[in-house]
Amino acid sequence: MWRRWFFILSVFTAAASLLLMWLGDDLNVRSVLASFVYTMCVGSFCMAAARAIWPRLEGRSRAVRWIGRAVSMGMAVAWGTLLGLTLLTSLGVIRTRSFWGSYWGNLQFAAFITCSLGGVLMVYDHWRRKYEMSELERERALKLATEAQLASLASRIHPHFLFNTLNSISSLIHTDPDRADEQLQRLSGVLRFSLDANAAPLVPLGQEMRMVRDYLDLEKTRFGDRLHFILAVPQELDSCAVPPLSVQTLVENSVKHVIAPIRRGGEVRVTAQRAGGHLLIAVSDGGPGVTEDSLLPGHGLDNLRSRLHVLFAGRARLRFSRDAVSMEVPV
């Protein structure tokens with residue numbers, strides 16, 4: 001604030017001095033000092049009037065606002081010029097035979113400077129505020145659009161295993177009630193996590209992996225010995241942020257396209273490592289592999305790819321190889 005105020009005072013002082021020189025006055029220490037004192041006094045009164053009176057005019061009609069501002073600035077210039085001339089004559093910087101005659105001449109000069117440069121500053125401030133507001137509105141609109149897009153993408157994520165898992169739990173109720181109750185609790189946690197996916201764009205990797213473990217335990221109830229899984233994620237990476245249900249989507253893709261169709265089943269392995277400024281999470285399943293061109297629009301991995309694009313603006317991606325699908329996100 002003080003830097004801006006000092007800059008404005010310097011501009012007004014320089015403008016007043018240059019105008020006096022253009023009008024024929026000699027540019028010397030006295031004239032520069034007089035310009036500075038007038039600028040200081042008039043500017044202080046103008047700032048005080050703008051802070052004390054202008055806010056009270058908000059909500060009134062445009063005519064009332066402009067008349068109120070003009071009258072307040074006129075009074076500020078009059079009192080500021082009077083104070084400045086009094087100080088300069090008291091200090092001996094200005095010697096005059098007629099105080100009020102000199103006051104009238106300086107008042108006209110101060111009013112001209114204030115109206116000219118003050119008008120320029122007001123126009124500049126008006127357009128600056130308008131630009132800032134437009135930028136703020138643009139950022140707000142972009143944020144809302146991004147949130148809406150994320151909500152739309154996340155709303156497509158539904159646990160496809162719901163009915164199969166309920167059937168598996170139903171079969172356990174009579175043979176192993178304790179395990180059925182345990183699996184029901186896991187299912188409740190997975191569904192709650194899925195429903196809360198819109199609450200935050202990112203979640204800690206440790207939280208995501210707990211949900212993945214519950215998901216795989218539920219699927220193991222369905223597939224039995226056909227499904228084996230290994231989660232090799234170091235604990236030091238638990239605090240890294242990932243999109244909710246992102247690792248689950250990779251794992252679900254393996255279960256759906258490799259474990260379920262093959263009679264002998266297979267093994268799903270999840271690994272994670274930090275490489276420079278990125279977190280690399282890989283899911284391998286021993287299947288034939290997935291190519292980027294084979295992704296179905298709006299399903300599974302394509303949905304996840306869209307979410308990564310929206311969240312990280314090109315700084316995250318899915319990588320496809322013959323033995324694994326990997327997700328790379330910035331740390």
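Located above this text is the structure these notes cover.
The paragraphs below set out a description of the structure included in this document. Computed from a predicted model, the values in this text were never measured in an experiment.

When helices and strands are counted, the protein shows nine helices and seven strands. Relative to its full complement of 331 residues, the protein shows a buried share of 38%. In the protein, the share of contacts with a sequence separation of at least 24, taken over all contacts with a separation of at least 6, comes to 70%. In the form shown here, the protein has an accessible surface area of approximately 20,100 Å², with 60% of it arising from carbon and sulfur atoms.

So, about helix 5 (residues 162-175). A rise of 1.5 Å per residue sets the reference length of helix 5, with its 14 residues, at 20 Å; its end C-alpha atoms lie 21 Å apart and thus fit the reference within 8%. When we look at burial in helix 5, the residues that qualify are Thr-165, Ser-168, Ile-169 and Leu-172. In an axial view of helix 5, the angular spread of the buried residues amounts to 100°, which keeps them on one side of the axis. Of the residues in helix 5, the exposed ones pointing more than 90 degrees away from the buried face are Phe-163, Asn-167 and His-174.

Take Gln-183: it is sitting in helix 6 (residues 177-195). Note on Gln-183: relative accessible area 1%, which makes it buried. Residues in contact with Gln-183, not counting those within four places in the same chain, are Ile-169, Leu-172, Asp-217, Leu-218 and Thr-221.

Judged by nonpolar contacts, the single largest core of 44 residues is most densely connected at Leu-205, Leu-216, Val-247, Val-251, Val-270, Ile-281 and Met-327. When residues of this core are assigned to their parent elements, the largest contribution, eight residues, is made by helix 7 (residues 205-223). Among residues more than four places away in sequence, those in contact with Val-247 are Leu-205, Glu-208, Met-209, Val-212, Val-270, Ile-281 and Met-327.

So, on to the environment of Gly-289. Considering the arrangement of structural elements, one finds Gly-289 in the loop between strand 5 (278-284) and helix 9 (300-312). As for Gly-289 and Phe-320, which are separated by 31 residues in sequence, their C-alpha atoms are 7.8 Å apart. When residues no more than four places from it in sequence are discounted, the contact partners of Gly-289 are Ser-321 and Arg-322.

Counting buried positions over the seven residues of strand 7 (residues 324-330) gives seven, a clear majority of the element. Along strand 7, one buried face is formed by Ala-324, Ser-326, Glu-328 and Pro-330 and the opposite face, lined by Val-325, Met-327 and Val-329, is buried too. Here four bridges tie strand 6 (residues 317-320) to strand 7, and the two strands are oriented antiparallel to one another. Among the inter-strand pairings, Arg-317 is bridged to a residue of strand 7, identified as Glu-328. Taken together, strand 6 and the strand that follows it, strand 7, pair antiparallel across an intervening segment of three residues.

Counted at 1.5 Å a residue, the expected span for helix 3 (residues 62-91) with its 30 residues is 44 Å, and the 43 Å between its end C-alpha atoms agrees. Listed in full, the buried residues belonging to helix 3 are Arg-65, Gly-68, Arg-69, Ser-72, Met-73, Ala-76, Val-77, Gly-80, Thr-81, Gly-84, Leu-85 and Leu-88. Positive phi appears at Gly-92, one or two residues downstream of helix 3, with a value of about 80°.

Our next topic: the packing of aromatic side chains. Tallying each qualifying case throughout the model produces two aromatic pairs. Taking 5.2 Å as the distance between ring centres and 85° as the angle between the ring planes, the aromatic pair formed by Phe-99 and Trp-100 counts as edge-to-face. Trp-100 sits in the exposed class, given a relative accessible area of 57%. A centroid spacing of 5.5 Å and a plane angle of 85° characterise the contact between Trp-100 and Tyr-103, whose relative ring orientation is edge-to-face. You can see Trp-100 and its partner Tyr-103 sitting in helix 4 (residues 99-155), three residues apart, about one turn around the helix. Look at Tyr-103 and you get buried, because its relative accessible area is 13%. Aromatic ring contacts, followed pair by pair, group Phe-99, Trp-100 and Tyr-103 into a single cluster.

This part is about the sheet that holds strand 6. Ordered in space as 2-4-5-7-6, the five strands form an open sheet in which the pairing is mixed. Of all the strands in the sheet, the pair left with one neighbour each is strand 2 (227-232) and strand 6. Sheet twist, expressed as the average angle between the axes of neighbouring strands with direction ignored, equals 15°. As defined by bridge partners, strand 2 adjoins strand 4 (residues 266-275) across six bridges and the pair is classed as parallel. From the neighbouring strand, Leu-227 faces strand 4, where its bridge partner is Gly-266. Across the face of the sheet, helix 7 comes into contact with strand 2, strand 4 and strand 5 while running at roughly 165° to strand 2. On top of the sheet, helix 9 reaches strand 6 and strand 7; it is set at about 140° to strand 6, its chief contact.

The rules behind the values
Residues numbered from 1 in each chain as written. Predicted model: local features only at pLDDT ≥ 70, side-chain atom pairs only at ≥ 80, totals over all residues. Heavy atoms only, no water. Helix = DSSP H or I, 4+ residues; strand = E, 2+ residues; numbered from the N terminus. Buried < 20%, exposed > 50% of the residue type's maximum accessible area, 1.4 Å probe, protein only. Contact = heavy atoms within 4.5 Å. Areas by Shrake-Rupley, 256 points an atom, 1.4 Å probe, with all protein chains shown as cover. Expected span 1.5 Å × (residues − 1). Arc of directions from axis to C-beta. Core = buried A, V, L, I, M, F, W, Y, C linked by side-chain atoms within 4.5 Å. Pairing = 2+ DSSP bridges. Phe/Tyr/Trp six-rings, centres within 6.5 Å; stacked < 30°, edge-to-face > 60°. Axes fitted to C-alpha atoms, helices over the stretch in contact; angles between N-to-C directions.

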